[in-house]
Amino acid sequence: MEHRSTQQLLSEGLTHRDLRRSVTVGELVRLRRGSYLSAAPSSPEELHRHLVEATMPGLDGVVLSHGSAAVLHGLWLPDGPPGLVQVVRPRTSRGGGQRNGVVHTHTGQLAGSDVMLVDGLAVTTPARTLLDCARGLGFDEAVMMLDAALHDPADPEHERAGLRASLEEVSSRLGRVAGVRNARAALAFADGRAESPLESRSRIVLWRQGLPTPELQYAVRDQWGHLIARLDFAWPQQRVYGECDGQVKYGQLLAPGETASHVVMREKHRDNQLADRGWRQVRWMEADLARPRLLDARIRRALAGAAA
């Protein structure tokens, strides 16, 4: 997919009217003033990458940061890619947060270890990027972003190796900048064993309700050590487990050649195996998180029933 400038397109014989028509019918995608794409990007993240590539050559002395850096690092963002290219410039008397229609310029101090090259561009490191984003997000969104970054799909029972240590190191250097207390609180609560935004939100709801802290991705095995289930949330002492279902969960669990009914039957078999071993289940959907007292009551009844 190629970037084309207005001047390039005009030199090929197109007129400004042709450009407007091509954008309207989808033959060209307008990235920013004076820059077009020859085809539509496949995702908002790809679109933002192209916006970065079209914008950075005109900027000096800045480092890609915040949401733009997150996109280049492949980090999950609660609200998706930003509408503007986000950069940080060394602190000046002019202050931060400057916007010019395409670029949002933050100001601040960056250590040499806070910057790396990605595709030839100067970008804040994943740890610095995550903390900068967390400083500007609400607590819940910051936890969700940190959970996603710390999650290791290859080892769901543990966090990504080394990232938490990097986050702690950067956090200790941030001093008393705006939003840092929120970022530190979110980091302290973050847990890379959460596998989805729904699990992260569920953790927050259970915590705010004052429920006992559950184990995440708790492995239940048979007498031969074979894995029966890995539970989203577990209270092992009471043999109670919680499962939260998103709309795409069953689709993600499909093996080649399987249908949703195969997955339902497999889940049923797993649930029966757990029940045979004395485990009690509480299952909830995303909508249940909007009624935290009802969910709290259901879990407490299960915990109390198991203890009885």
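Residues numbered from 1 in each chain as written. Predicted model: local features only at pLDDT ≥ 70, side-chain atom pairs only at ≥ 80, totals over all residues. Heavy atoms only, no water.

I keep staring at the nonpolar core and nothing clicks. Help me out?
Within soluble globular proteins, side chains that are nonpolar tend to cluster in buried spots. Formed by 28 residues in total, the largest nonpolar core has its most connected members in L130, L131, M145, L146 and L167. Contributions of two or more residues to this core are made by α4 (66-73), α5 (126-136), α6 (139-150), α7 (163-173) and α8 (180-189). Examining the composition of this core, we find that 7 residues originate from one element, α6, more than from any other. If we skip the residues at most four places from it in the chain, L167 touches A127, L130, L131, L146, L150 and L187. Core analysis: the second largest hydrophobic core is formed by 17 residues, V29, L72, V102 and V123 among them. (Core = buried A, V, L, I, M, F, W, Y, C linked by side-chain atoms within 4.5 Å. Buried < 20%, exposed > 50% of the residue type's maximum accessible area, 1.4 Å probe, protein only. Helix = DSSP H or I, 4+ residues; strand = E, 2+ residues; numbered from the N terminus. Contact = heavy atoms within 4.5 Å.)

Help me understand the layout of surface pockets, please; the structure alone is not making it clear to me.
Over the atoms rolls a probe the size of a water molecule, and its path tells where empty space is left. Of the voids in this model, the second largest pocket is the one considered here, and its volume is about 600 Å³. The wall of the second largest pocket is formed by 32 residues, among which H66, H106, D132, C133 and R135 lie closest to the centre. Of all the elements in the fold, those that place two or more residues in the lining of the second largest pocket are α4, β5 (85-90), β7 (103-108) and α5. Looking at the lining of the second largest pocket, the element that brings in the most residues is α5, giving 5 residues. (1 Å grid on protein atoms, 1.4 Å probe; cavity = no way out; pocket = protein on both sides within 12 Å on 5 of 7 lines; lining within 4 Å. Points joined across faces, edges and corners; volume = space filled by probe spheres on them.)

I tried to follow the sheet that holds strand β11 (residues 227-235) on my own but got confused; where do I start?
Strands in a sheet are paired, the pairing made by backbone hydrogen bonds, and the direction either parallel or antiparallel. Taken in spatial order, the 4 strands make up an open sheet running β10-β11-β12-β13, and their pairing is mixed. Either end of the sheet is taken by a strand with one partner, and the two such strands are β10 (215-221) and β13 (280-285). The sheet shows a mean angle of 45 degrees between the axes of neighbouring strands, direction not considered. Two strands pair when backbone bridges link them, and β11 and strand β12 (residues 240-245) are joined in this way by 3 bridges, in the antiparallel orientation. In the sheet register, F233 faces β12, and the bridge partner there is G242. In this fold helix α9 (residues 197-208) packs onto β10, β11, β12 and β13, with an angle of close to 40 degrees to the strand it touches most, β11. (Pairing = 2+ DSSP bridges. Axes fitted to C-alpha atoms, helices over the stretch in contact; angles between N-to-C directions.)

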